[in-house]
Amino acid sequence: MTEKETVQITDTLEEQFPGAITRDERQGYDGYIVEAAKLVEIAKSLRDDMGYDYLSSVTGVDYLPDDKMEVVYHLYRSAGGPALTLKIQTPRDDSVVPSLVSIYPGADFQEREAWDLLGIRFEGHPDLRRILLWDGFHGHPLRKDWQEPFFEAEGKPFKSRWPQGEIQRVEDTHPFGKNVHYPSEFTPEGWTPEGEAALYSSLGKIEHGNGNNNKGFETDHIVVNLGPQHPSTHGVFRMVVTLDGEEIVGLKPVMGYLHRNHEKIGERNTFLMNMPFTDRLDYLCSMSNNFGYALAVEKLMGVKPPERAEYIRVIMAELTRVVNHIWAIGFLLNDLGAFFTPMLYVINERELILDIFEAVSGSRMMCNYFRFGGVARDIPEDALETIKILVNERLPRKVDELDLYLTGNEIVQTRAIGVGVLTKQQALANSAAGPVLRASGVPYDIRRADPYSIYDRFDFDVAVRYNGDVYDRYLVRLDEIRQSLRILKQAVETIPEGEIQTGKSQYQARVPAGEAYGRVEAPKGELGFYVVSNGKPNPWRYHVRAPSFINLTPLEEMSMGQKIADVVAILGSIDIVLGETDR
């Protein structure tokens, strides 16, 4: 945001809401602190009058020493430009914030997450239940005074491991061998899962006589669980579906079965320790995960990678996009009933790209390649030559073949066209990102809308389709592969010689106090890392804006009125990875 725009927004908001909004004057911080009672009004004005129609991220932060909680909102204009950041501060012992779901429905799951992990209650939220932890979990684990049963220390490295070197699993010292903690009054026999009751009541478990009366008979609404163990849920994921015959009249996604509290681990780790942990989020796209986290910490450190490192980063990120999208298309065709033939066809190309990742990072999937201020090692010359052959010769030909085999296929078109429609307005309102957003007619791509790294140097088009159905979500990924190949052709031809790291390699990053939000256009959409530093070796707050998680927000809207078989295709067209959804 330019200084002129900042002054204009500040003047407008302060004039419209006197005393309710002030600049955040903390050193290293940005944005505006808003009075809680005025949050909904201010958000509505920003959306309707100032064009901030896209709520990207909602983050809760526990400032224990100051005895307060903070909720941070990152708002954007879909027309492009940097973030406008709003913040609400509340007392820790009475942390209540107005819900923004009525203004930005995309806040739904994110507010539930902040309640689940931090205990921040969002007043007026239509369905405030736990979302990542099981219903009987004791406490809110991202609060700074919450300690796990075998708590050793606030941050790593733990002294028992370094320098003493006494390696042991703390669970092994416990007679039950489990790192769990239950409330003192808890018994498995006496526990009632209140969350399940709330889940089913929110759907209306059985409604008699509301069925297909236009067909001459009455039916009951019934509830069917798809998952959590199911071959078509793309992992351990559950959809609770209310059916009228075969027609979907209600759907609630249930996640968290794979949750491992990635962010709690991230706040125990040092800044540098977190880089390989980002690989485990979207485990198909570790290079993109590295990229987003590196950008956030580099903003705090005030460092910029050398030119060659920037080119290498872009090359790895775009190869990752190709890998993800061909994989997504293969899985989608599985969901449509093709049973592995397209998947086996694209896996050859994926393996060739993974060969490149292995050559530069030493690993095929968990690459741990980016570093603050650059990359871990240079790209070998023979690997660069292989990339040139792939992007100039083999991959364009293979993408054309994939297009030829699938796009005009009668079964693909019948199962995908007009199915799972998400309108432009719904996509923006629900904070959809990436191909899901662009297939609904919103040409929003962070590489163009708010450029990072050196993306502003490359000639490429933002892939966009306008029908918002399963078919267009397939087509937009095909389009994006071709645009990635355009970027790659330019990058491999113009990559300069030079250093790959600013300064010396670090075993401990010195990160000044402050906050930063680093975001990238990952293959599945906006992947953002909100990081708060207090000047110590470990992040005070480490939050991931996970596109797989937020893109599930409009799943119910996309599925209403569709058949039960269609919901499998709709979920496949969103392209989620549960490691990123659940974290």
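Definitions and limits used
- Residues numbered from 1 in each chain as written.
- Predicted model: local features only at pLDDT ≥ 70, side-chain atom pairs only at ≥ 80, totals over all residues.
- Heavy atoms only, no water.
- Domains from an automatic or database assignment.
- Contact = heavy atoms within 4.5 Å.
- Buried area = accessible area lost by both parts, 1.4 Å probe.
- Salt bridge = Lys/Arg side-chain N within 4 Å of Asp/Glu carboxyl O.
- Buried < 20%, exposed > 50% of the residue type's maximum accessible area, 1.4 Å probe, protein only.
- Helix = DSSP H or I, 4+ residues; strand = E, 2+ residues; numbered from the N terminus.

Caption draft 1: Looking closely at the domain arrangement of the protein chain. Entries for the protein chain in the domain assignment read domain 1 (3-123) and domain 2 (262-582). Between domain 1 and domain 2, the C-alpha centre-to-centre distance is 27 Å. Contact with domain 1, which involves 35 residues of that partner, is made by 28 residues of domain 2. At the boundary of domain 1 with domain 2, total buried surface from both sides reaches about 2,400 Å², with 57% on carbon and sulfur atoms. Linking domain 1 with domain 2 are one salt bridge, by the criterion used here.

Caption draft 2: Region of interest: the pattern of salt bridges. Scanning the model with the defined rule gives 45 salt bridges in all. One salt bridge connects glutamate 310 with lysine 304, and the closest N-O pair in it is separated by 3.3 Å. Owing to a relative accessible area of 4%, glutamate 310 belongs among the buried residues under this scheme. Among the residues examined, lysine 304 registers a relative accessible area of 53% and is labelled exposed. As a salt-bridge pair, arginine 394 and glutamate 349 come within 2.6 Å of each other at their nearest N and O atoms. Of this pair, arginine 394 sits in helix H10 (residues 381-406) while glutamate 349 sits in helix H9 (residues 341-361), and the two are 45 residues apart along the sequence. Salt bridges sharing common partners tie together Glu318, Arg321, Arg438, Asp445, Arg447, Glu480 and Glu521.

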